[in-house]
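Remarks on the overall topology
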Amino acid sequence: MRVLKVLSILSKKIVSLITARGGSKGIPGKNIIDIKGKPLIQYTINSSLKSKVNETWVSTDCDHISSISKTLGAKIINRPKELCDDIIMPDAALIHFAKNIEFDILVFIQPTSPLLSSEYINKGLDMLETYDSVFSAYKEHWLPRWTLDNKPYKWDINKRPRRQDKQELYVENGAFYITTKKNLLSSNLRYSGNVGIVEMPLSKSYQLDSKDDLDILKKLL
């Protein structure tokens, strides 16, 4: 039965969408910044192309990103300017894509996760036999956290707990999310329904959000 379910999933049209707008403020040109001789977006495009995904797409408003992505083997959907500021959530770009492109299953990949490999994408796709949506995350052990006004966050300073006594939690690493076109358009969210988690190690979960992250990623890649 499990084999039949997996075959059923693979008989559907599976596409990935990498969202890569051009207007990054923190790191100008972030999505195509050079990391060890490759533009950042090349790492996630390559991972998608090596996976069970049938088509790899890039949603962008930038001609330079578009040209590079095409050369690397991705298809392009031009994202409207109103969906490209730093306030709009990526979900809006997913919905725009779903309304214009035919597919059954969508793998939403963020280009800022160059350590993502195809094995995790494939594992997530296999999990759709059980779940409606899937996302990637790493497991976090409890650490004492403080608010910015120097107060313990959700723990008592007079009763400091042991790490072993606190529940472990999953933290979204932002690498990828998988859902169906039907679920995406009905919920307007990147995940919905019965949600599953693909666990990735912390060492593979780093995202490029700051210049410090850039130095770390160069050492990890």
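For the structure itself, look to the data block above.
Now for a description of the structure that goes with this document. (Residues numbered from 1 in each chain as written. Predicted model: local features only at pLDDT ≥ 70, side-chain atom pairs only at ≥ 80, totals over all residues. Heavy atoms only, no water.)

Notes on a nonpolar patch on the surface
Applied cut-off: Like charges are joined within 9 Å and nonpolar side chains (Val, Leu, Ile, Met, Phe, Trp, Tyr) within 5 Å, but only among residues with over 30% relative accessible area and no salt bridge; these make up the patches. Only the protein chains shown count as cover for residues, and all accessible areas are computed by the Shrake-Rupley method using a 1.4 Å probe. The term salt bridge refers to a pairing of a side-chain nitrogen on Lys or Arg with a carboxyl oxygen on Asp or Glu at a separation within 4 Å. What counts as a helix is a DSSP run of H or I of at least four residues, what counts as a strand is a run of E of at least two, and both are numbered from the N terminus.
A surface patch of nonpolar side chains, about 310 Å² in accessible area, is lined by L202, Y206, I216 and L220. Take L202: it is sitting in the loop between β9 (195-199) and α7 (211-220).

Here we look at the nonpolar core
Counted only if it meets this: Here, the term nonpolar core denotes a set of buried Ala, Val, Leu, Ile, Met, Phe, Trp, Tyr and Cys residues that are joined through side-chain atoms within 4.5 Å. Summary of the burial criterion: residues with accessible area below 20% of their type's maximum are buried, those above 50% are exposed, and those between are partly exposed, where the area comes from a 1.4 Å probe applied to protein chains only. Here a residue-residue contact requires only that any non-hydrogen atoms of the pair lie within 4.5 Å.
Counting residues in hydrophobic clusters, the biggest one holds 27 residues, and the most contacted among them are I41, V58, V107, L116, F176 and I178. Counting only elements with at least two residues in this core, the list comes to β1 (14-19), α2 (40-49), α3 (63-71), β6 (105-109), α5 (118-126) and β8 (169-180). If sequence neighbours within four positions are ignored, I41 has contacts with I18, A20, N31, I32, V58, I65, I68, S69, L72 and P111. If you look at the next biggest cluster of nonpolar residues, it comprises 16 residues, including W57, I95, F135 and Y177.

Digging into α7
Test applied: Taking the helix axis as origin, the arc is that swept by the directions to the C-beta atoms.
Looking at α7, one finds that the buried residues are D213, L214 and L217. Down the axis of α7, the sector holding all buried residues measures 105°, keeping them to one side. Across α7 from its buried face, at more than 90 degrees, point the exposed residues K211, D212 and K219. Residues of α7 that are buried in the fold lie against β2 (34-35).

Thoughts on the pattern of salt bridges
Where charged atoms from two side chains of opposite charge approach closely, those side chains can pair. Tallying each qualifying case throughout the model produces eight salt bridges. Note that R190 is salt-bridged to D91, the shortest N-O span being 2.7 Å. Of the two residues, R190 is situated in the loop between α6 (181-187) and β9 and D91 in helix α4 (residues 91-98); the sequence distance between them amounts to 99 residues. Like D91, R190 is buried. Measuring nitrogen to oxygen at the nearest pair gives 3.9 Å for the salt bridge that ties K181 to E102. With K181 in helix α6 and E102 in the loop between α4 and β6, the pair connects residues that are 79 residues apart, well separated along the chain.

Notes on the sheet that holds strand β5 (residues 75-78)
Heads up, the condition is: Here a strand pair is declared whenever DSSP counts at least two bridges between the two strands. To define axes, lines are fitted to C-alpha atoms, for helices over the stretch in contact only, and angles between the resulting N-to-C directions are given on a 0 to 180 degree scale.
Reading across the sheet, the seven strands line up as β5-β4-β1-β6-β8-β7-β9 and stay open at both edges, with mixed pairing between neighbours. A strand with exactly one partner marks an edge of an open sheet, and here the two such strands are β5 and β9. Averaged over all pairs of adjacent strands, the angle between their axes in this sheet comes to 30°, without regard to strand direction. Sheet analysis places strand β4 (residues 55-60) next to β5, joined by four bridges and oriented parallel. If you follow V58 over to β5, its bridge partner there is I76. Helix-sheet contacts for α4 involve β1, β4, β5 and β6, and the interaxial angle to β1 is about 140°.

Focus: the environment of T112
The criterion, for reference: Any pair of nitrogen or oxygen atoms within 3.5 Å is treated as a polar contact; in protein, a donor-acceptor pairing is required on top of that, and neighbouring residues in sequence qualify only through side-chain atoms on both sides.
Within the secondary structure, T112 is located in the loop between β6 and α5. In this structure T112 comes out as buried when scored by relative accessible area, which is 8%. For the pair T112 and Y206, spaced 94 residues apart in sequence, the C-alpha separation works out to 8.4 Å. Those residues within four positions of T112 in sequence are excluded, and the remaining contacts are K30, N31, L40, Y206, Q207 and L208. At 3.3 Å, the side chain of T112 forms a polar contact with the side chain of Q207.

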